[in-house]
Amino acid sequence: MRAIRGLWRWRRNPLRRTTDLVEAWVALVALVLIVVAAPVLGSFVGAAAQSTLQRSVRQQQHDRHLVRATVVRKLGGAPVEPDPDATSAHDNRSRVQADWTAPDGTRQHGPVLTTLKSPHKGDHFDVWTDRHGVITARPLDAVTATTHAVLAGFGAALLTAGLVDSGRRMIVWRMVRRRYARWDQAWDRAGPDWGKAGTGS
């Protein structure tokens, strides 16, 4: 609104300079880009991210399988890297040696993280594996993918608005610098004669 008021104010003002009108037009163009272009770009980025992430969701759900593992023995020492997709970073996880059967039928054996609070030999728990039985993270779910896509779109819109406003500020800053330089030049020309008799002052 300030840009529109600025254009209207300078429309027929006798004190209007060309730079004043240009500055008002720059502000108006920036406003239109922020209000229109930023949301459109954000929607485009969000839609593209949604498409890519949902394709990844379908691929992961096809490639990853939940299998039943059996505790062989509890392992000591430092825990294995926790699952980044876990609901809480502070889940109580134990490191155990376990056996499980891969979706392709092969028998697997190795160290695994389990949420069993007090694992004992013979206890069962679920793990995510690929089709060859290699332990992997749980597949991305559709809701999480949509959340990430929305955040990507929102971030793109904010970034676009920030870039447009930064561009407007840079243009105005350069115009002000140029205006001050012209004032300095005019003052240098008028300054030596300022106030002298016969100079018309």
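Worth saying up front: this structure is predicted, and the values here are computed from it rather than measured. (Residues numbered from 1 in each chain as written. Predicted model: local features only at pLDDT ≥ 70, side-chain atom pairs only at ≥ 80, totals over all residues. Heavy atoms only, no water.)

Details of the overall build of the chain
Scanning the chain from terminus to terminus reveals three helices and four strands. Starting at the N terminus and ending at the C terminus, the chain contains elements arranged as α-α-β-β-β-β-α. Expressed as a percentage of its 201 residues, the buried residues of the chain come to 26%. Element-wise, carbon and sulfur atoms account for 60% of the exposed surface of the chain, whose accessible area totals about 14,100 Å². (Helix = DSSP H or I, 4+ residues; strand = E, 2+ residues; numbered from the N terminus. Buried < 20%, exposed > 50% of the residue type's maximum accessible area, 1.4 Å probe, protein only. Areas by Shrake-Rupley, 256 points an atom, 1.4 Å probe, with all protein chains shown as cover.)

Things to note about the environment of Val71
If you trace the backbone, Val71 turns up in strand E1 (residues 65-74). Linking Val71 and Lys121, residues 50 residues apart in sequence, is a C-alpha distance of 5.0 Å. When residues no more than four places from it in sequence are discounted, the contact partners of Val71 are Val96, Gln97, Ala98, Leu116, Pro119, His120, Lys121, Gly122, Asp123 and Phe125. (Contact = heavy atoms within 4.5 Å.)

Details of the sheet that holds strand E4 (residues 124-129)
Spatially, the four strands line up as an open sheet ordered E3-E2-E1-E4, and their pairing is antiparallel. Single-partner strands in this sheet number two, and they are strand E3 (107-114) and E4. Each adjacent strand pair in this sheet contributes to an overall mean axis angle of 45°, direction not counted. Here E1 runs beside E4; their pairing, made up of six bridges, is antiparallel. Bridging from a neighbouring strand, Thr70 pairs with His124 of E4. (Pairing = 2+ DSSP bridges. Axes fitted to C-alpha atoms, helices over the stretch in contact; angles between N-to-C directions.)

A closer look at the nonpolar core
Counting nine residues, the largest nonpolar core is built from Val67, Ala69, Val71, Val96, Ala98, Trp100, Val112, Phe125 and Val127. Ignoring any residue separated from it by four or fewer positions in sequence, one finds Val127 in contact with His65, Leu66, Val67, Ala69, Val112 and Ile135. (Core = buried A, V, L, I, M, F, W, Y, C linked by side-chain atoms within 4.5 Å.)

With respect to the side chain of Gln54
Its location among the elements puts Gln54 in helix H2 (residues 18-63). On the basis of relative accessibility, which here comes to 16%, the residue Gln54 falls in the buried class. Of note is the side chain of Gln54, whose polar atom sits 3.2 Å from the backbone oxygen of Ala142. Once residues lying within four places of it in the same chain are set aside, the contact partners of Gln54 are Ala142, Ala145 and Thr146. (Polar contact = N/O pair within 3.5 Å; in protein donor to acceptor, adjacent residues only side chain to side chain.)

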